[in-house]
Structures are given as structure tokens and as C-alpha cells.
Amino acid sequence: MESSPVILLSIAYRGKQNIMTVSCHLSMDFSPMVGCMLGPWDTSYHTLLKTKECVLSIPGADLLKTAVAIGNCSGSEVDKFAKFGLTPYPAAKVKAPLIGECLKNLECKLVKKITVQGNELFVLQGVAAWHNPQRKDQRTFHARGDGHFIVDGKTHNLRRRMTSWQDCI
Ligand SMILES: Cc1cc2nc3c(=O)[nH]c(=O)nc-3n(C[C@H](O)[C@H](O)[C@H](O)COP(=O)(O)O)c2cc1C
């Protein structure tokens, strides 16, 4: 089971934009630094190595089927922004596009690629973050790992109990 929400990773290279779906990722710190496991079967893997920058976007529950479709086709064959009716917006600090329909977008620079038992962990440093406050429904979705997905349920606000972590919330 992958506990973090399924995200989209967008890149741009020589004027061509692309998106892939990523469920194997982790928060590494609150700066924020994020690790993503990408495979060489992804066109985006090779583009990210060339450009060393990308955008990580968090899709809402309304984009569940779209995210699965994005992760089942290749940017070498289709223009995924056009095919899935997504809107690319210019980012502030990277050439990769923000995705207008997503809840949040994080512009990232590649810090390091680490090989972990044959798998490639891309360590990404967030350099600018965007949030769409107009979206009332902020639910995300999580991959169970077997083709099943869990959509967020009730949100519990425990901010007052986070006494040791005031700087993080
Ligand atoms: C739900 C879901 C989660 C995925 N998670 C990952 C992942 O964590 N790492 C990865 O390399 N590929 C993952 N994939 C596969 C890529 O999204 C897929 O290979 C995609 O088509 C690559 O697109 P590209 O070739 O245009 O870059 C996932 C696919 C789906 C549907």
C-alpha cells in the first residue's frame, strides 16, 4: 500500500510538455523535499534527467480516472494535456507546467538520483508552491497497490495537540 496521495509529475523539454502518474513517493522533509521512485520505462524519467526540474501536482478525487489513464499511456505517443483536457500554466521557477485542475502544485528541482537496490529514487527540492483555494472539495486519493484506490474520508483537525511541532503546521 502506498500511503501518500497519488500525484502527477509534469515536465517540459524543447517546448514539449508531458505528465506521468506517481504513487511511489515520500515526503523527506518540510522544506519541502520529496522523493519519487521513477522507472526507465517512463519517458518522463529520461526527460527529468535532462532538465533536472519538474512540477509535482496533487489531483483531487475528481481526477482519479484521469490520473490512472495518464499513467497508462506514454507521452512519446500522445499529448496528455490535450488528450485529458488539462490546462498547463506557466510556473515561476521551472519550465515544467503547473496543472490548473489540480489542488496543489509544487515546482521542484532535482537534487540527486539515488539507486536503491536497482530502483531509482529522484530527490526533488520544492522551490515554489501553489494552492487552489477555490476548490471546495480538497479530497485526494491513494493507491492500494492492486489497482484499487482509496479516496480521503473525514478530515480530523488535531492542530492543538501538535504541541511539539508548532513550526511544522
Ligand atoms: C496509479 C499509478 C501509479 C503509478 N506510479 C508510478 C510510480 O510511482 N513510478 C513510476 O515510475 N511509474 C508509475 N506509474 C506508471 C507511469 O505513470 C507510466 O509509466 C506513465 O505512462 C509514464 O508516462 P510517460 O512515459 O509519458 O512519462 C504509475 C501509474 C499509475 C496508473
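Scroll up for the structure.
Residues numbered from 1 in each chain as written. Predicted model: local features only at pLDDT ≥ 70, side-chain atom pairs only at ≥ 80, totals over all residues. Heavy atoms only, no water.

In total, this model carries two aromatic pairs according to the counting rule given. Ring geometry for tyrosine 45 against phenylalanine 122: centres 5.4 Å apart, planes inclined by 75 degrees, an arrangement best described as edge-to-face. With tyrosine 45 in helix α1 (residues 43-51) and phenylalanine 122 in strand β9 (residues 119-131), the pair connects residues that are 77 residues apart, well separated along the chain. Of the two residues examined, tyrosine 45 and phenylalanine 122, each falls in the buried class. Taken together, a centroid distance of 6.5 Å and an interplanar angle of 80 degrees make the contact between phenylalanine 141 and phenylalanine 149 edge-to-face. For phenylalanine 141, a relative accessible area of 1% translates into the label buried. (Phe/Tyr/Trp six-rings, centres within 6.5 Å; stacked < 30°, edge-to-face > 60°. Helix = DSSP H or I, 4+ residues; strand = E, 2+ residues; numbered from the N terminus. Buried < 20%, exposed > 50% of the residue type's maximum accessible area, 1.4 Å probe, protein only.)

Assignment of secondary structure puts leucine 48 in helix α1. With relative accessibility at 0%, the residue leucine 48 sits in the buried group. Separated by 62 residues in sequence, leucine 48 and leucine 110 have C-alpha atoms that sit 7.9 Å apart. Excluding its chain neighbours within four sequence positions, the residues that come into contact with leucine 48 are Leu9, Ile11, Leu38, Glu53, Cys54, Leu110, Phe122 and Leu124. (Contact = heavy atoms within 4.5 Å.)

Right, let's talk about the layout of surface pockets for a bit. Size it by volume and the largest pocket reaches roughly 590 Å³. Lining the largest pocket we find 33 residues, and of these Met20, Thr21, Trp41, Asp42 and Gly71 sit closest to its centre. Put simply, the parts of the chain that give the lining of the largest pocket at least two residues each are β2 (16-22), β4 (33-38), α1, α2 (64-70) and β10 (141-143). If one sorts the elements of the lining of the largest pocket by residue count, β2 sits on top with five residues. Considering only enclosed or pocket space, the second largest pocket measures out at about 450 Å³ in volume. Pro5, Lys104, Thr140, Asp152 and Thr155 are the residues nearest the centre of the second largest pocket, which is lined by 17 residues in total. Tallied by class, residues from the lining of the second largest pocket come to eight nonpolar, six polar and three charged. (1 Å grid on protein atoms, 1.4 Å probe; cavity = no way out; pocket = protein on both sides within 12 Å on 5 of 7 lines; lining within 4 Å. Points joined across faces, edges and corners; volume = space filled by probe spheres on them. Nonpolar A, V, L, I, M, F, W, Y, C, P; charged D, E, K, R; others polar.)

It is worth spelling out the side chain of serine 44 at this point. With respect to the secondary-structure elements, serine 44 resides in helix α1. According to the relative accessible area criterion, serine 44 is buried, its value standing at 2%.

A few words now on the site of the ligand. Contacts to the ligand come from 22 residues, most closely from Asp42, Thr43, Ser44, Cys73 and Gly75. Between the ligand and methionine 37, the relevant distance is 2.8 Å, taken from a nitrogen atom to a main-chain nitrogen or oxygen of the residue. Interatomic distance of 2.7 Å between a side-chain N/O atom of threonine 43 and an oxygen atom of the ligand. In isolation the ligand has 640 Å² of accessible area, and contact with the protein removes 86% of it. Judged by the fraction of its atoms near the pocket grid, the ligand is located in the largest pocket. Within the residue set of the shell around the ligand, elements represented by two or more residues are β2, β4, α1 and α2. Per-element accounting of the shell around the ligand gives the leading share, four residues, to β2. Residue classes in the shell around the ligand are distributed as ten nonpolar, ten polar and two charged. (Near = heavy atom within 4 Å. Polar contact = N/O pair within 3.5 Å; in protein donor to acceptor, adjacent residues only side chain to side chain. Areas by Shrake-Rupley, 256 points an atom, 1.4 Å probe, with all protein chains shown as cover. Sits in = over half its atoms within 2 Å of the grid points.)

A few words on the state of the cysteines. With the rule as written, the count across this model stands at zero disulfides. Looking at the unpaired cysteine 24, the closest cysteine sulfur is the one in cysteine 36, lying at 9.4 Å. In this structure cysteine 24 comes out as partly exposed when scored by relative accessible area, which is 37%. Lacking any disulfide linkage, cysteine 108 is separated from the closest cysteine sulfur, that of cysteine 54, by 4.8 Å. We classify cysteine 108 as buried; its relative accessible area is 0%. (Disulfide = S-S within 2.5 Å.)

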